[in-house]
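# Fold and contact review
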Amino acid sequence: PSSVAARSLGEVGYTIDPRHANRGYATEALEAILAIAFDELGLRRVEAGCFALNTASRRVLEKAGMRLEGVYVEESLHHELGWVDGASYALLVSEWQARSHTD
């Protein structure tokens, strides 16, 4: 049965080898994924999360137009630091479409 909620939400994640960081690859890849999610798959919303202290990843998410929805205290388990704060980002198709027409 068809549902309004079917295929409405996607979640994206990425990892960049530190040897290739700061070259724009993550931003380019995320923007391509968002284009597929919204323009080809017809998703309504895409979410992403990262460690709150990972400013580089947060910058990637924000450059791609994603908005910060919350920071959660000791929500994520980091392999070296233990429990750290997590940041949650999202983008709606309406925001994607508005951004796509202004870039």
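Refer to the structure presented above.
Right, let's walk through the structure included here. (Residues numbered from 1 in each chain as written. Predicted model: local features only at pLDDT ≥ 70, side-chain atom pairs only at ≥ 80, totals over all residues. Heavy atoms only, no water.)

### Concerning the overall build of the chain
Broken down by element type, the chain carries three helices and four strands. The N-to-C order of helical and strand elements in the chain reads β-α-β-α-β-β-α. In terms of principal-axis extent, the alpha carbons of the chain reach across some 45 × 35 × 20 Å. Counting over 103 residues, the chain shows a buried share of 30%. In the chain, 60% of the contacts between residues at least 6 apart in sequence involve partners at least 24 apart. When the accessible surface of the chain is totalled, it reaches about 6900 Å², and 53% of it is carbon and sulfur. Side chains of the chain carry 10 positive and 15 negative charges; the gap between the two charge centres is 3 Å. (Helix = DSSP H or I, 4+ residues; strand = E, 2+ residues; numbered from the N terminus. Buried < 20%, exposed > 50% of the residue type's maximum accessible area, 1.4 Å probe, protein only. Contact = heavy atoms within 4.5 Å. Areas by Shrake-Rupley, 256 points an atom, 1.4 Å probe, with all protein chains shown as cover. Lys, Arg positive; Asp, Glu negative; His and termini not counted. Charge placed at Lys NZ, Arg CZ, Asp CG, Glu CD.)

### Regarding helix 2 (residues 55-63)
The α-helix advances 3.6 residues per turn, and as a result positions three or four apart in sequence lie on the same side. Looking only at helix 2, the buried set comprises Ser 57, Arg 58, Val 60 and Leu 61. All buried residues of helix 2 fall inside an arc of 155 degrees around its axis, so they share one side. Exposed residues pointing more than 90 degrees away from the buried face of helix 2 are listed as Thr 55 and Lys 63. Where helix 2 is buried, its residues meet helix 1 (25-40), strand 2 (45-51), strand 3 (67-78) and strand 4 (82-92). Just beyond helix 2, the residue with positive phi is Gly 65, at close to 95 degrees. (Arc of directions from axis to C-beta.)

### Observations concerning the nonpolar core
Core analysis: the biggest nonpolar cluster contains 19 residues, and Leu 30, Leu 34, Val 46, Leu 61 and Met 66 have the highest contact counts within it. For this core, the secondary structure elements donating two or more residues are helix 1, strand 2, helix 2 and strand 4. No other element matches helix 1, which puts five residues into this core. Among residues more than four places away in sequence, those in contact with Leu 34 are Asp 39, Val 46, Ala 64, Met 66, Leu 91 and Trp 96. (Core = buried A, V, L, I, M, F, W, Y, C linked by side-chain atoms within 4.5 Å.)

### Some thoughts on helix 1
The first and last C-alpha atoms of helix 1 sit 21 Å apart over 16 residues, in line with the 22 Å expected at 1.5 Å per residue. Backbone geometry just after helix 1 places Gly 42 at a positive phi near 75 degrees. (Expected span 1.5 Å × (residues − 1).)

All quantities given are derived from atomic positions and should not be read as evidence of function.
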